[in-house]
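For reference, the chains in residue letters:
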Amino acid sequence: MKKSHAIILSAILTILLSLNVFFLSQNQKQVITIKEIIDGDTFKTTEDKNIRLANINTPEKNEQGYEEAKTFLQKFENKEVEIEILGIDKYGRILAKVFTPDYLNLKIVDEGLATKFLVQDSETKEFTKAEQKAIENEKGIWKKSQYFNCFESKVFPEEEFVKLKNNCQKIN
């Protein structure tokens, strides 16, 4: 390939990449249909694009709360939702805000099925308030164990000793 052709080709590719990034960063809303739920914060569209809900993180497979978060999102399978694209994550998934018409990302945190995660500065207060409310109301992943408050601990730093006391009945 001639040097001039290589320069032209690289310029065209650079322009196309720049336009792609520009259009993805425009936060334009678009209507899509959810085809398949992958987990509590990721789904596939009918166009086979993977969408990752921004600002949240749900439990991973084999973690407490995984099934509940996934089941909650499955209510929207085969339904149209509106998304606002924010960018692409390191796994190539589209990061988006999802509206059902409720703001689904925030609703999942409010239901106690996710934690706030890498929240945009403009939404920090809103997500923090929703998460705190879920914690206070012991919703979803924030439910206290049946053994909550069973143990007392006291640290004796000088003796390098920790004393644990079980205040409950026998614990298996």
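Refer to the preceding data block for the structure.
Residues numbered from 1 in each chain as written. Predicted model: local features only at pLDDT ≥ 70, side-chain atom pairs only at ≥ 80, totals over all residues. Heavy atoms only, no water.

Visitor: Explanation requested: the sheet that holds strand S1 (residues 29-39) in the structure shown.
Guide: Note: strands within a sheet are paired through backbone hydrogen bonds, in either parallel or antiparallel orientation. Here we have five strands rolled up into a closed barrel, ordered S1-S2-S3-S6-S5, and mixed in their pairing. Adjacent strand axes in the sheet meet at a mean angle of 55° when their direction is disregarded. Looking at chain direction, strand S3 (residues 50-53) and strand S6 (residues 94-99) are connected through three bridges and run parallel. From the neighbouring strand, Leu-53 faces S6, where its bridge partner is Ala-96. The strands touched by helix H2 (residues 66-74) are S1 and strand S2 (42-45); relative to S1, the strand with the most contacts, the crossing angle is about 140°. (Pairing = 2+ DSSP bridges. Helix = DSSP H or I, 4+ residues; strand = E, 2+ residues; numbered from the N terminus. Axes fitted to C-alpha atoms, helices over the stretch in contact; angles between N-to-C directions. Contact = heavy atoms within 4.5 Å.)

Visitor: Which parts of the structure should I look at to understand the side chain of Asn-55?
Guide: Assignment of secondary structure puts Asn-55 in the loop between S3 and strand S4 (56-57). Classification of Asn-55 by relative accessible area gives buried; the value is 4%. From its side chain, Asn-55 meets the backbone nitrogen of Gln-120 in a polar contact 3.1 Å long. Within the local environment of Asn-55, its side chain forms a polar contact with the side chain of Glu-123, the two groups lying 2.7 Å apart. Setting aside anything within four residues of it in sequence, one finds Asn-55 in contact with Tyr-103, Thr-115, Lys-116, Phe-117, Leu-118, Val-119, Gln-120, Glu-123 and Phe-127. (Buried < 20%, exposed > 50% of the residue type's maximum accessible area, 1.4 Å probe, protein only. Polar contact = N/O pair within 3.5 Å; in protein donor to acceptor, adjacent residues only side chain to side chain.)

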